Structures are given as C-alpha cells and as structure tokens.
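Residues per chain are reported as follows:
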Amino acid sequence: MLELRGVRHHYDGRVVLDIERFAVSPGALTAIVGPNGAGKSTLLRLLALLEPPTEGEVLLDGKVVSSGRGARPDAKLRRRVTLVEQRPMLFRGTVRDNLKFGLRARGIRRAELNRLIEDVAARLGIARLLERQRHGLSDGEVQRVAVARSLVIEPDILLLDEPASSADRAAAQTLYHALEEERRQRPLAICLASHQLEDAYRWADDVRALAEGKLSTVTPENLFRVELPNASAGDLKHARVGAVEIAAMTDKSGPAILAVPPTDIIVSREPPPSPSSARNVFTGRVTRLAHQRPGGGGAGGAGGAVHVTADVGVELVAVVTDEAARDLGLTLGSTVVFAFKASAVRVF
C-alpha cells in the first residue's frame, strides 16, 4: 500500500496540499477528480516519490520512504512506483526504442524484450506506431506510448495524470480496457487524476474529490464559490449559485465555498410534500447518468450506484442506487427534483 499521512505541502510559502490520509490500496484503481489547481498533480508527484512533502510522511507497505524530516527513497523503491505525467516526454528515437529503455535497464533479454513490447503495444493500440519517431506522434499517441512504456516494466503502482486528456473517445476506452486487463493479470494498483467524471465512475473502484488541496466527499460540480451575507451566528443564509439560491446554516460571512455531498441529495420525480425540512428544493432535467462499478467506493454498495447530474439552474450531482434509478425511471432529459437540507450544505 502507498500512503500519505499528515501531509501539508508548501510552494513559495503557500499550502497546496493538506491531507490527513490518502492511500492507494493494492490491486485497486483509485481516481482523483477535481478542478485545475486543486492539487491533483502535486499529490501524484508526492506519491511517485519525486519530491518529499514539506510536512508529513509517504509510506510504502507501512514503512516511511519519504518525509519532511529528511527520509528519502532509494532507487529500488522508486522503481516500484511509476508516474505518467499529463504531458509526458519521450526519449529520442522510435516508439520501440522508448519501450525498450526500461526493459534494458532491468537486464531483460532481447527475445523476451520484444515479446513484452509487442504485447503491450497491441493492448494499447499502438502496434502500428512502433517504428515511428517521437516527433511524428500526436499528443494523444504520446500519452499512450508513455503509458505503454510504464506498463511494460510492470511497476507495483502506476500513477497517471490525465492519461486520456488528449485522446479521442475510442483511444480513451482502449486505454482503460488495457489497464483493466493488466489488473486482471497481476495485482497492479493504479491512481489516476482525471477531469472525466464519467470515466472515473465507470472504471475506478474508489473516486476521491480534491478541492483547494483538501480531500472532499463531493464531486467538483458540487463545489461552489460564493459570497455569504453578514448575519447573526447560526442564521440560515442564502447564497446565489447560478440561477438559484442555496440555503445553508453557517455563521460564516464573506467569500466561502459551499459543498453539497451527492449522497445527501434526495432525488424524486415530484417535489416533497409541504411542509418539508428540506430548505433546498430544485426542479430540473437530467443531463448525465454515470454508473459506478459495483463494489466501488461510492454509495450503493454491491448493487452499484448511479451518479445523476441535473441542470436545476446550476449543475448538481446526486448519487442513488441502481434500483432507485430504475424505480424513478431516470433517463436523459427527464424531469427530476433534487432536495436537500440547509444543514447538509458544508461551508469552507
């Protein structure tokens, strides 16, 4: 297991990560979602042992391998963890040359080396690119070659920063299928950062949201920057978000972030009967339905969960079980009501 504990990381005196605990479990695929600047790439760099945290520890299999107190990993440990950055650099030469590099460094014999290269190239759909020079590749092809270069050396943990950001839909699905196949063959742990929520929910065992360097239980769509009015402590406050006003219980005022946990939103086809304890009741239309893998980290347990996105004057995401989605007859474009209490809204 690769783990961060008590990590606070600074750049130029500014805290960019503040995480009490984050773990990449053996054999699991964990997705980190969040807006630009949330700290996803920094989190991956700390996990990749490329830089130590300013404060806190990075542990591998329970042992501290990097810390703000001076612990540094050795080369053998670094080889167990591989990071593919969003804009990876390829070595000079052909795609085949790039895939050979790590295998040669590990002393793999030529016959076995070629077999491994042909296999990973086929799985990632880059076999036709093997003799092509790096400067003749598109951005999406460079990403897939970089992932193949990492997979072929069989790391224990693979870290991916927006691995499909430059890929078309077909190439992205080929990539995720290849990662799924690799995980079936051996206990590979994967942690990826992505803007693509639908892919995260479909392929990941656990989806974690990162906002302003902190882990959140909500997806990025349910985080809103607002200006809270001045009022007495404990007052019910209303903040304009898009075309609606969200009610929250807080003693804060001025600039703030509202977070609405998807599991706290009640989804129905009709407004709740009046009177109701839900101060936030919005009617809109379903714009996206994303099914999470059964047994993943979201709501719904073994029966699976559905992430329902609706435009209610602002885009909100709720989580329901597969059974609830079927009973409600949720489809794209269908009318839906989202309701949640003011006390469910978290204020930062």
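Our subject is the structure that appears above.
S.K.: Can you break down the overall build of the chain residue by residue, with the values?
M.R.: Assigned secondary structure in the chain consists of 8 helices and 20 strands. Based on the C-alpha atoms only, the size of the chain along its principal axes is roughly 75 × 50 × 35 Å. By the burial criterion, 52% of the 348 residues in the chain qualify as buried. The long-range share in the chain, meaning contacts at least 24 apart out of those at least 6 apart in sequence, stands at 67%. As displayed, the chain offers around 16300 Å² of accessible surface, 48% of which is attributable to carbon and sulfur atoms. Side-chain charges of the chain comprise 47 positive and 42 negative groups, with the mean position of each set lying 5 Å from the other.

S.K.: Lay out helix 4 (residues 110–123) in plain terms, naming residues and giving numbers.
M.R.: Residues that lie three or four places apart on an α-helix share one face, since the helix turns once every 3.6 residues. Compared with the 20 Å implied by 1.5 Å per residue over 14 residues, the 20 Å span of helix 4 between its first and last C-alpha is a close match. Taken together, the buried positions of helix 4 are occupied by L113, L116, I117, V120 and A121. Buried positions in helix 4, seen along its axis, are confined to an arc of 125 degrees and lie on one side of it. Opposite the buried face of helix 4, at more than 90 degrees from it, the exposed residues are A111 and A122. On the buried face of helix 4, the contacting elements are helix 3 (95–105) and helix 5 (139–151).

S.K.: I'd like to hear about the environment of A259, residue by residue, with values.
M.R.: As for its position among the elements, A259 is in strand 14 (residues 254–259). For the pair A259 and R225, spaced 34 residues apart in sequence, the C-alpha to C-alpha distance is 9.2 Å.

S.K.: Describe in detail the pattern of salt bridges, supporting the description with residues and values.
M.R.: Taken as a whole and judged by the stated rule, the model has 21 salt bridges. In this structure, E131 and R96 form a salt bridge, with 2.7 Å as the shortest nitrogen-oxygen distance. Here R96 lies in helix 3 and E131 lies in the loop between helix 4 and helix 5, a separation of 35 residues in the sequence. The class of E131 is exposed, set by a relative accessible area of 52%. For R240, the salt bridge goes to E245, with nearest N and O atoms at 3.8 Å. Each member of the salt-bridge network shares a partner with another, and the members are D119, R123, E182 and R186.

S.K.: Quick rundown of unusual backbone geometry? Include the residues and the values.
M.R.: Along the chain, S274 connects to P275 via a cis peptide bond; the corresponding omega equals 0 degrees. Here P275 shows up in the loop between strand 15 (266–268) and strand 16 (280–292). Here L49, not a glycine, exhibits a phi torsion of approximately 65 degrees, which is positive. The buried category is assigned to L49, whose relative accessible area is 2%.

S.K.: Summarise the pairing of strand 14; cite the residues concerned and give the values.
M.R.: The element strand 14 is largely enclosed, with a buried count of 5 among its 6 residues. Where strand 14 lies against strand 20 (residues 346–347), 2 bridges are found, and the strand directions are antiparallel. When the sheet's bridge partners are listed, A259 is paired in strand 20 with R346.

S.K.: So what about the nonpolar core? Which residues, and what values?
M.R.: Within the largest apolar cluster, 44 residues are counted, with the highest numbers of intra-cluster contacts made by L124 and L179. Among the elements that make up this core, the one with the highest residue count is helix 5 (6 residues). Contact partners of L124, with chain neighbours within four places excluded, come to R144, V147, A148, L151, T174, L175 and A178. Ranked by size, the runner-up nonpolar core spans 30 residues in total, among them F224, L228, I246 and V336.

S.K.: Would you mind going over the layout of surface pockets in detail, with residue names and values included?
M.R.: In this structure, the largest pocket spans a volume of roughly 520 Å³. Lining the largest pocket we find 19 residues, and of these V81, T82, L83, R149 and S150 sit closest to its centre. Sorting the residues of the lining of the largest pocket by element identifies strand 6 (81–84), helix 3 and helix 5 as the ones contributing at least two each. The biggest single contributor to the lining of the largest pocket is strand 6, with 4 residues. Residues belonging to the lining of the largest pocket are distributed by class as follows: 11 nonpolar, 3 polar and 5 charged. Considering the residues around the second largest pocket, the lining is formed by 24 residues, among which P35, N36, G37, A38 and G39 are closest to the centre. Of all elements in the fold, only strand 2 (14–24), helix 1 (40–47) and strand 11 (223–228) reach the threshold of two or more residues within the lining of the second largest pocket. The residue inventory of the lining of the second largest pocket, partitioned by class, reads 10 nonpolar, 8 polar and 6 charged.

Cut-offs and rules
Residues numbered from 1 in each chain as written. Predicted model: local features only at pLDDT ≥ 70, side-chain atom pairs only at ≥ 80, totals over all residues. Heavy atoms only, no water. Helix = DSSP H or I, 4+ residues; strand = E, 2+ residues; numbered from the N terminus. Buried < 20%, exposed > 50% of the residue type's maximum accessible area, 1.4 Å probe, protein only. Contact = heavy atoms within 4.5 Å. Areas by Shrake-Rupley, 256 points an atom, 1.4 Å probe, with all protein chains shown as cover. Lys, Arg positive; Asp, Glu negative; His and termini not counted. Charge placed at Lys NZ, Arg CZ, Asp CG, Glu CD. Expected span 1.5 Å × (residues − 1). Arc of directions from axis to C-beta. Salt bridge = Lys/Arg side-chain N within 4 Å of Asp/Glu carboxyl O. Pairing = 2+ DSSP bridges. Core = buried A, V, L, I, M, F, W, Y, C linked by side-chain atoms within 4.5 Å. 1 Å grid on protein atoms, 1.4 Å probe; cavity = no way out; pocket = protein on both sides within 12 Å on 5 of 7 lines; lining within 4 Å. Points joined across faces, edges and corners; volume = space filled by probe spheres on them. Nonpolar A, V, L, I, M, F, W, Y, C, P; charged D, E, K, R; others polar.

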